[in-house]
Amino acid sequence: MRLLRGNPAARRAVGLVLLAVAVSVACVFLGRWQWHRHVARDAAIRLVEQNYSADPVPLDALLPEPGVELDPGDVWRQATVTGTYDADAAVLLRNRPVNSQPGFHVLVPLVQADGSALVVDRGWVAWDDDASGEVAVPAPPSGEVTVTVHLRRDEAADPRSAPAGQVQAINVGQVLAAGGSDAASYAGYGGLVDETPAPAVALGRLPAPSTDPGSHLSYAFQWWTFSVGSLAAFGWLARRELLEGAEAAAGGAPDGGADGDGSPRPARPAPASRRRRTSDEDAEDALIDSQLG
């Protein structure tokens, strides 16, 4: 500490080292954050690739009774179920454009023989490009229908309000409440793959889930590179501060100056003068001068 008080260059060097450590640690944690996002995204992609095209199974094989939550490992599995669409309880899902086209998803409860209902996302209808005007929603097939769906977990309830007959999220409780249905339901819903008989007017098909891994992995390595680079860069700056400080101290007080701790520095001895050697020309000139004199 005494050395730092008397040496501004050392203080600056220590400050640079501390800054380097702080920046490096922050970059390490940012890299870890991006790495965890990459791992989660990679797991989601593997789940899609495993389940999306798997053979359909009966609904009760994955959701045996109302109120049961869908196992996370069964997301995107295909299931078949037979029932009757409750068209009067249809609800529109807001703010879910498809391929940048404004539109609404059409959510309709499919009521089974025991009275339980599975909310089915039957597809989507386009809205005007300026998101104005009325939306015409084709009716679902009437009577008994057999549908194949991709099962999805229930979305979290959205606290935002919505116009009558619309919702902000595919939360089964909110969907049934908005449609005025009190049927027992599952803690999950289905995205339509196929329905028999087919409707008179089909809705737009739901897009397949994205399997793009994103840039999380490259971002992680970039942050870790910044971490190492900050140590190298600030370390170099700290070393330069120390060297320049040492040079300034050496050149600033050559004779009787003060050291870094304030103690007097002994004076440097004066360099010994060199006697000039007498050249042959000087000796010859001296001889001539003596003869002439």
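Visitor: How should I be thinking about the overall build of the protein in this particular structure?
Guide: Within the protein, the regular secondary structure consists of five helices and eight strands. Going from N to C terminus, the protein has its helices and strands arranged as α-α-β-β-β-β-β-β-β-α-β-α-α. Counting across all 293 residues of the protein, residues that qualify as buried make up 32%. Taking the intrachain contacts of the protein between residues at least 6 apart in sequence as the baseline, contacts between residues at least 24 apart amount to 67%. Accessible surface for the protein amounts to roughly 17800 Å². Of this, 56% is attributable to carbon and sulfur atoms.

Visitor: It is not clear to me how the pattern of salt bridges should be interpreted in this structure. Could you clarify?
Guide: Note that side chains of opposite charge can pair when their charged atoms are close. Inspection of every chain in the model, using the stated rule, returns eight salt bridges. We note a salt bridge from R160 to D158, for which the minimum N-O separation is 2.8 Å.

Visitor: I would appreciate a short explanation of the confidence of the model for the protein in the present structure.
Guide: When pLDDT is low, close inspection of the predicted coordinates is not appropriate. On average, residues of the protein carry a pLDDT of 84, and 82% of them reach 70 or more. Low pLDDT (under 50) marks residues 253-258, which in the prediction has 14 contacts with non-local residues, meaning those over four places away or in another chain.

Visitor: What am I meant to see in the side chain of Q34 here?
Guide: Positionally, Q34 belongs in helix α2 (residues 8-51). The class for Q34 is buried, based on a relative accessible area of 5%. Sequence-distant contacts of Q34, that is, excluding residues within four places in its chain, are made with H216, Y219, A220 and W223.

Visitor: I would appreciate a short explanation of the nonpolar core in the present structure.
Guide: Core analysis: the largest hydrophobic core is formed by 26 residues, its most contacted members being L59, Y85, L110, L118, V120, V147 and L151. Residue assignment for this core shows that the elements contributing at least two residues are β2 (78-85), β4 (103-111), β5 (117-126) and β6 (144-153). By size, the runner-up hydrophobic cluster in this structure holds ten residues, among which are V119, V167, V172 and Y189.

Visitor: Looking at this structure, I do not really get the packing of aromatic side chains. What am I missing?
Guide: Aromatic ring pairs are reported here in terms of the distance separating the ring centres and the angle at which the planes meet. Under the defined criterion, the tally for this structure stands at five aromatic pairs. Ring geometry for F221 versus W224: centroids 5.6 Å apart, planes at 85 degrees, classification edge-to-face. With F221 and W224 both in helix α4 (residues 216-252) and three residues apart, the pair spans about one turn of that helix. Residue F221 is classed as partly exposed on the basis of its relative accessible area of 47%. Linked through ring pairs, W35, F221 and W224 together constitute an aromatic cluster. Above the plane of the ring of Y85 lies R122, whose end atom (NZ or CZ) is 5.3 Å from the centre.

Visitor: Even after reading the chapter, I still don't get the pairing of β6, so can you show me in this structure?
Guide: Successive residues of a regular strand alternate their side chains across the two faces of the sheet. Bridge count for β2 against β6 is seven bridges, and the pairing is antiparallel. Residue pairing for β6: T82 is matched across the bridge by T146. Here eight bridges tie β6 to strand β8 (residues 188-196), and the two strands are oriented antiparallel to one another. Residue pairing across strands places H150 opposite G191, the latter belonging to β8.

Visitor: Looking at this structure, I do not really get helix α3 (residues 172-179). What am I missing?
Guide: For an α-helix, 3.6 residues make a turn, and residues three or four places apart therefore share a direction. The set of residues buried in α3 consists of V172, V175, L176 and G179. One side of α3 carries all its buried residues, which in axial view fall inside an arc of 95 degrees. Where α3 is buried, its residues touch β3 (91-93), β4, β5, β7 (166-167) and β8. In the stretch just after α3, G180 is the one whose phi turns positive, near 75 degrees.

Visitor: Can you walk me through the side chain of D121 in this structure?
Guide: Looking at the secondary structure, you find D121 in strand β5. One buried charged side chain, D121, makes no salt bridge at all; its nearest oppositely charged neighbour is R96, positioned 6.5 Å away. Among the polar contacts made by the side chain of D121, one reaches the side chain of H105 at a distance of 2.8 Å. Excluding residues that lie within four positions of it along the chain, D121 makes contacts with H105, V106, L107, I170, Y189, G190, G191, L192 and L206.

Visitor: Is there a simple way to think about unusual backbone geometry in this case?
Guide: Leaving glycine aside, a negative phi is the common case for residues, and trans is the common case for peptide bonds. Omega for the peptide link from T196 to P197 comes to 5 degrees, which places this bond in the cis form. In this fold, P197 is placed in the loop between β8 and α4. Despite not being glycine, N99 has its phi angle at roughly 50 degrees, a positive value. If you trace the backbone, N99 turns up in the loop between β3 and β4. Using a relative accessible area of 73% as the deciding quantity, one classes N99 as exposed. You will see that S100, though not glycine, has its phi angle at about 70 degrees, which is positive. Structurally, S100 is set in the loop between β3 and β4. For S100, a relative accessible area of 73% corresponds to the exposed category.

Parameters at a glance
Residues numbered from 1 in each chain as written. Predicted model: local features only at pLDDT ≥ 70, side-chain atom pairs only at ≥ 80, totals over all residues. Heavy atoms only, no water. Helix = DSSP H or I, 4+ residues; strand = E, 2+ residues; numbered from the N terminus. Buried < 20%, exposed > 50% of the residue type's maximum accessible area, 1.4 Å probe, protein only. Contact = heavy atoms within 4.5 Å. Areas by Shrake-Rupley, 256 points an atom, 1.4 Å probe, with all protein chains shown as cover. Salt bridge = Lys/Arg side-chain N within 4 Å of Asp/Glu carboxyl O. pLDDT = per-residue confidence, 0-100. Core = buried A, V, L, I, M, F, W, Y, C linked by side-chain atoms within 4.5 Å. Phe/Tyr/Trp six-rings, centres within 6.5 Å; stacked < 30°, edge-to-face > 60°. Lys NZ or Arg CZ within 6 Å of the ring centre and 35° of its normal. Pairing = 2+ DSSP bridges. Arc of directions from axis to C-beta. Lys, Arg positive; Asp, Glu negative; His and termini not counted. Polar contact = N/O pair within 3.5 Å; in protein donor to acceptor, adjacent residues only side chain to side chain.

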